[in-house]
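Structural description and commentary
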Amino acid sequence: MKSFEVNFDGLVGPTHNYGGLSFGNVASQSNSQQASNPKEAALQGLEKMKALMDMGFVQGVLAPQERPDVSALRRLGFSGSDAHVIQQAAKEAMPLLVASCSASSMWVANAATVSPSADTQDGRVHFTAANLNCKFHRSIEHPTTSRVLSAMFADQQHFAHHGALPAVAQFGDEGAANHTRFCRDYGEAGVEFFVFGRSAFDSRYPAPQKYPARQTLEASQAVARLHGLSEAGVVFAQQNPAVIDQGVFHNDVIAVGNGELLFHHQDAFLNTDQMLAELQAKLSARGGNFQSICVPRDQVAVEDAVRSYLFNSQLLSRADGSMLLIVPEECRANPRVWQYLQGLTAAGGPIREIKVFDLKQSMQNGGGPACLRLRVALKETELAAVNPGVIMTPALYDALTQWVNTHYRDALRESDLADPQLLLECRTALDELTQILKLGAVYPFQIN
Ligand SMILES: NCCC[C@H](NC(=O)CCC(=O)O)C(=O)O
């Protein structure tokens, strides 16, 4: 049976702004307070989705969330009408209003961890929504994420959904950004690779000193258990705490994998040789031939990787078996990274082509091409069971572009977030969106 890796990209929400909310994420911190352009952000994302569709990949779309999240503000003690809640928060606790307005759900690599059916005990595709517990503005995403994913993958014969892990730092879970799957073919059993930043319960593991490690070993282990993965099909590895302290807040800022290939920086992991040997052995037991491309630090420093987002790229398999790397414009702007990439495609290895996309609006908050997509490997029958409303087509691309042009502002500053009109605009837009994507009622304003 045919199988596919489907990329579901997060559609940027109407409140996209630069809130400086993510300590440890260099871009988020350094662009704080700049004016954003939500319309441009959403259109840049749609361009990438269209380009992948035009290249023949199956492309999906994941809806944004209702923001400001008034109910989150109510839980923090603000009360009265929605407009009053927003205005009080603006007056008394601007950082909380900013957090409740974040469009951070666009980075759907953090929405959930997904295990394809070939890997799971019950033969279903499993999803665990990420608790995103490290940052308040992201911790409020998972309830809606769960509803949206359930509306997209509703067929219980094929899809199983798990709620987010307990909402404590010990089970900090950032979803697929710290998870990669290696396989010979998307439809065959593969090896799922979980990368954690620290252990919550075992002090023998080192931890970063300056910035938080968002993913714990215990969270990754819990997800593997929930999904019914076997020991033979799982590898756990620790991210190098030193690179977390240099701004590598998720593993997908320093490594990307696809098929049988891991593309990573020399300093990405701890105990790299042992980890590569385990991946090699486990994939080979499943008939695969594991390969890795290590980018040496003397060609690309960690700082260049963090600035350019070289590894936050999409590594895609083309029909002829060769691979294509989708990188952000910032890679072309960095001479060392660009030179490395020229050499990489000339070397005759598996990566043959580089395609560059302008995703600046998202990049300025630390979200590159890989952050913007959630990968779901599906067999043909499973793909047929996905809600067809969320699969990209030329008509859907046109409808979404028009929808963005109708509803989105082209500038948003912190002071604009205090305007209760923004909530109404967002709700009007999202109500229409759920019809375009045929999602049913998924937002708090639609179900309460
Ligand atoms: N995978 C990329 C995630 C980027 C995201 N940035 C943010 O939330 C920044 C939001 C702001 O600062 O407005 C994060 O750090 O989790």
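Please read all numbers here as calculations on a predicted model, not as lab measurements.

1. Quick notes on the overall build of the protein
- Broken down by element type, the protein carries 18 helices and 15 strands.
- The C-alpha atoms of the protein give a radius of gyration of 21 Å, which matches the 22 Å a tight globule of 448 residues would have.
- Look at the contacts in the protein between residues 6 or more apart in sequence, and 76% of them connect residues 24 or more apart.
- Counting 36 positive and 45 negative side-chain charges, the protein places the averaged centre of each group 1 Å from the other.

2. Focus: the sheet that holds strand β2 (residues 59-62)
- Pairing is mixed in the open sheet, where three strands are placed in the order β2-β1-β15. Every other strand in the sheet has two partners, leaving β2 and β15 (373-379) as the edge strands with one partner each. With strand direction ignored, the average angle separating the axes of adjacent strands in the sheet is 30 degrees.
- When strand β1 (residues 3-10) meets β15, the two strands line up antiparallel, connected through seven bridges. If you follow F4 over to β15, its bridge partner there is L378.

3. Looking at the pairing of strand β9 (residues 255-258)
- The alternating pattern of β9 places A255 and G257 and V256 and N258 on opposite faces, both of which are buried.
- Summarising the sheet, β9 and strand β10 (residues 261-265) pair through four bridges and their orientation is antiparallel. The residue bridging A255 from the neighbouring strand is H264, located in β10.
- Once β9 ends, the chain turns through two residues before running back antiparallel as β10, passing G259 with a positive phi of about 60 degrees.

4. A word on the site of the ligand
- Around the ligand lies a shell of 19 residues, among which L21, S22, S28, H137 and C371 are the nearest.
- G20 is positioned such that a nitrogen or oxygen atom in its backbone is 3.1 Å from an oxygen atom of the ligand.
- In the model, a nitrogen atom of the ligand is placed 3.0 Å from a nitrogen or oxygen of the N110 side chain.
- Of the residues contributing to the shell around the ligand, the split by class is five nonpolar, 12 polar and two charged.

5. Let's talk about helix α5 (residues 94-101)
- Counting buried positions along α5 yields six of eight residues, so the element is predominantly enclosed.
- Where α5 is concerned, the buried positions are M94, L97, V98, A99, S100 and C101.
- Buried residues belonging to α5 abut α3 (70-75), α4 (82-92) and α6 (136-139).

6. Topic: the pattern of salt bridges
- This structure, assessed with the given rule, holds 22 salt bridges.
- A salt bridge links R67 to D69; the shortest N-O distance between them is 3.9 Å. Across this residue pair, the class does not change: R67 and D69 are buried.
- Ionic pairing is found between D202 and R204, a salt bridge with its closest N-O pair at 2.7 Å.
- Each member of the salt-bridge network shares a partner with another, and the members are E66, R74, D82 and R427.

7. Some thoughts on the packing of aromatic side chains
- Per the counting criterion, the structure on display carries 15 aromatic pairs.
- Where W403 meets Y408, the ring centres are 5.3 Å apart and the plane angle is 70 degrees; that geometry is what we call edge-to-face.
- A relative accessible area of 5% means that Y408 is categorised as buried.
- Plain terms: the ring middles of Y443 and F445 are 6.0 Å apart, the flat faces sit at 5 degrees to each other, and that makes the pair stacked.
- The exposure class assigned to F445 is partly exposed, which follows from its relative accessible area of 23%.
- Here the aromatic cluster, defined as three or more aromatic residues joined through ring pairs, consists of F8, F127, F153 and F159.
- For the cation-ring pair, K50 lies above Y397, with the distance from its terminal atom to the ring centre recorded as 5.6 Å.
- The ring of W338 carries the charged tip of R332 above its face, separated from the ring centre by 5.8 Å.

8. Some points on the sheet that holds β9
- One open sheet holds the three strands; their spatial order is β9-β10-β11, and the pairing between them is mixed. Two strands in the sheet have a free side with no partner beyond their single neighbour: β9 and β11 (291-295). The mean angle between the axes of side-by-side strands here comes to 10 degrees, regardless of whether they run parallel or antiparallel.
- Two elements, β10 and β11, share five bridges in a ladder whose sense is parallel. Bridged to L262 within β11 is S292.

9. What to know about the nonpolar core
- In terms of nonpolar packing, the biggest core is built from 87 residues, with F8 and L400 touching the most fellow members.
- Residue contributions to this core peak at seven residues, all from helix α2 (residues 38-54).
- Setting aside residues up to four positions removed in sequence, L400 forms contacts with L11, L46, V61, M392, L433, I436 and L437.
- Counting 20 residues, the second largest nonpolar core, distinct from the first, contains L261, F263, M323 and V327.

10. Brief notes about the UniProt feature "active site" (unreviewed entry) in the protein
- UniProt marks E174, H250 and C371 with the feature "active site" (unreviewed entry), using the numbering shown here. The annotated residues occupy 198 residues of the chain but converge on a single region, no pair of C-alpha atoms lying more than 11.1 Å apart.
- Here E174 shows up in the loop between β5 (159-162) and β6 (179-182).
- For E174, a relative accessible area of 1% corresponds to the buried category.
- Among all residues touching E174, those that are not within four sequence positions of it are A109, N110, A130, L132, N133, C134, R214, Q215 and H250.
- Looking at the element boundaries, H250 is found in the loop between α9 (241-244) and β9.

Definitions and cut-offs
Each chain carries its own residue numbering, running from 1 in the written order of its sequence. Residue-level local features of this predicted model are given only where pLDDT is at least 70; pairs of side-chain atoms are given and counted only at 80 or more, and the full residue set underlies all totals for whole chains, interfaces and linings. To get the side-chain values, take all heavy atoms of the structure and skip hydrogens and water. Secondary structure follows DSSP: runs of H or I at least 4 residues long count as helices, runs of E at least 2 residues long count as strands, and numbering of each begins at the N terminus. Using C-alpha atoms as the atom set, the radius of gyration is obtained and then compared with a globule rule of 2.2 Å times the number of residues to the power 0.38. Whether two residues touch is decided by their heavy atoms; if any such pair falls within 4.5 Å, the residues are in contact. In this tally Asp and Glu are treated as negative and Lys and Arg as positive; neither His nor the chain ends contributes. In this description, the location of a charge corresponds to atom NZ of lysine, CZ of arginine, CG of aspartate or CD of glutamate. At least two bridges found by DSSP between two strands is the condition for calling them paired. Every axis in this analysis is a line fitted to C-alpha atoms, fitted for helices over the stretch in contact. Angles between the N-to-C directions lie between 0 and 180 degrees. Each residue gets one of three labels from its accessible area relative to the maximum for its type: buried under 20%, exposed over 50%, partly exposed in between, using a 1.4 Å probe on protein chains only. The near set for a molecule or strand comprises every residue that places at least one heavy atom within 4 Å of it. We define a polar contact as two N or O atoms separated by no more than 3.5 Å, with the added condition that, inside protein, one atom must be a possible hydrogen donor and the other a possible acceptor, whereas residues neighbouring each other in sequence contribute only through side-chain atom pairs. For this classification, the nonpolar set comprises Ala, Val, Leu, Ile, Met, Phe, Trp, Tyr, Cys and Pro, the charged set comprises Asp, Glu, Lys and Arg, and every other residue, Gly included, is treated as polar. For this document, the term salt bridge refers to a Lys or Arg side-chain nitrogen within 4 Å of an Asp or Glu carboxyl oxygen. Here is the rule: rings of Phe, Tyr and Trp (six-membered ring for Trp) pair when centre to centre is within 6.5 Å. Planes less than 30 degrees apart are stacked, more than 60 are edge-to-face, and the remainder are tilted. Definition used: whenever NZ (Lys) or CZ (Arg) falls within 6 Å of the ring centre and also within 35 degrees of the ring normal, the charge is taken to sit over that ring. For this analysis, a nonpolar core means a set of buried residues of the types Ala, Val, Leu, Ile, Met, Phe, Trp, Tyr and Cys, connected via side-chain atoms within 4.5 Å. UniProt positions are given in the numbering used here, feature names are shortened, and annotations may be inferred rather than shown by experiment.

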